[in-house]
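Each chain is listed here by its residues.
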Amino acid sequence: MEKDLFLSDYNEETNTVSIILCGEIDHHSAVIIRREIDNMLLHTHPKNLIIELYSVDFMDSSGLGLIMGRFSLMQKLGGTTILRNPNERIKKILSLAGMERIIKIERTTEKNEKK
Amino acid sequence: MKKSKKIINSMKISFPSLSVNESAARAVVAAFSAQADPTTNELADIKCAVSEAVTNSIVHAYPDTIGEIYISVLILEGRIIKIQIKDKGKGIEDVAKAREPLYTTSPESERSGMGFTVMESFTDKMSVRSKVGKGTTVVLLKALGERKMAE
Ligand SMILES: Nc1ncnc2c1ncn2[C@@H]1O[C@H](COP(=O)(O)OP(=O)(O)OP(=O)(O)O)[C@@H](O)[C@H]1O
Ligand SMILES: [Mg+2]
């Protein structure tokens, strides 16, 4: 029944885990996503974690918890975390919590906002 | 203070506090509110605020049980959406403290303590009534911006 909540990839050469989050990130989906991402991080011990937000249509504060939690885990593993391509809505939530001061946010695509 | 505004339409729903209901709850409230012709952004604000309140009832009000969550939505004269989210759960000891940004009683389950802050910044008014052992009621008011009402 569940749709794909995310796609993941591990690049051995660069020692990077990339996660593409999809659809709606709320408390229900965050619990599932967290479990699977952590499994992957603890197996691979990557140097870098990239969280791609381009395909996220909805996110509430549970998404903040999910991102902060992965950031802390990566810190414990001695790695870095990067957020990619949050839309305007998600940026608004991230900045309410001051996340842009803690986690690096980059844009790799052309303007992708739908108005 | 002011006389209460005329009710144009209203809806009530209730459902058990299963996390799988979070997306349905915010979608239903958004679909109903769409009658008042909100902008995409206003609708996204409503969706997110409702999601916060419903999640709080699920994770905080009924932490180890399944209880009922009640939502009422009113479309008021002047394009005001009034949403009430109510539970009969644990209640909040210190509401003022709970409303502070980053305050959470469950950091271990990766809560960021931003729920009330999100509700407050995505709506025009938020009020919280709570009684320990009795439950919590959150009322959100969203005034839709100047715009011609769709027929
Ligand atoms: N319906 C409720 N019943 C009981 N306690 C609640 C309820 N809603 C909120 N609280 C209390 O208020 C605190 C703050 O709520 P808030 O939504 O701001 O943050 P959070 O839920 O802890 O984290 P986040 O929403 O960022 O995941 C909660 O930690 C909880 O103790
Ligand atoms: Mg919350």
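Residues numbered from 1 in each chain as written. Chains lettered and ligands numbered in written order. Predicted model: local features only at pLDDT ≥ 70, side-chain atom pairs only at ≥ 80, totals over all residues. Heavy atoms only, no water.

(A) Region of interest: the site of ligand 1. Around ligand 1 lies a shell of 20 residues, among which H60(B), T104(B), T105(B), R111(B) and S112(B) are the nearest. At the site occupied by ligand 1, the surrounding residues belong to chains A and B. Contacts to ligand 1 include R111(B), whose side-chain N or O atom sits 2.7 Å from an oxygen atom. The backbone of F116(B) places a nitrogen or oxygen atom 2.9 Å from an oxygen atom of ligand 1. The protein chains hide 96% of the 610 Å² of surface that ligand 1 would expose on its own. Ranked by residues supplied to the shell around ligand 1, first place goes to helix 2 (residues 40–61) of chain B with 5 residues. Here the residues of the shell around ligand 1 sort into 6 nonpolar, 11 polar and 3 charged. (Near = heavy atom within 4 Å. Polar contact = N/O pair within 3.5 Å; in protein donor to acceptor, adjacent residues only side chain to side chain. Areas by Shrake-Rupley, 256 points an atom, 1.4 Å probe, with all protein chains shown as cover. Helix = DSSP H or I, 4+ residues; strand = E, 2+ residues; numbered from the N terminus. Nonpolar A, V, L, I, M, F, W, Y, C, P; charged D, E, K, R; others polar.)

(B) Layout of the interface of chain A and chain B. Listed per partner, the contact involves 21 residues of chain A and 25 residues of chain B. Carbon and sulfur atoms make up 51% of the surface buried where chain A meets chain B, a total of about 1900 Å² over both sides. If you sort the residues of chain A by the area they bury against chain B, H27(A), R89(A) and L96(A) come out on top, with a joint share of 32%. At the surface where chain A touches chain B, the tally comes to 7 salt bridges. Of the charged contacts in the structure, one is a salt bridge between K47(B) and E24(A), with a shortest N-O distance of 3.8 Å. Where chain A meets chain B, there are 13 residue pairs in polar contact (both at pLDDT 80 or more). Mapped onto the side of chain A that touches chain B, the elements with two or more residues apiece are helix 1 (27–44), strand 3 (48–59), helix 2 (61–76) and helix 3 (88–96) of chain A. Considering every element that reaches the side of chain A that touches chain B, the biggest residue donor is helix 2 of chain A, with 7 residues. (Contact = heavy atoms within 4.5 Å. Buried area = accessible area lost by both parts, 1.4 Å probe. Salt bridge = Lys/Arg side-chain N within 4 Å of Asp/Glu carboxyl O.)

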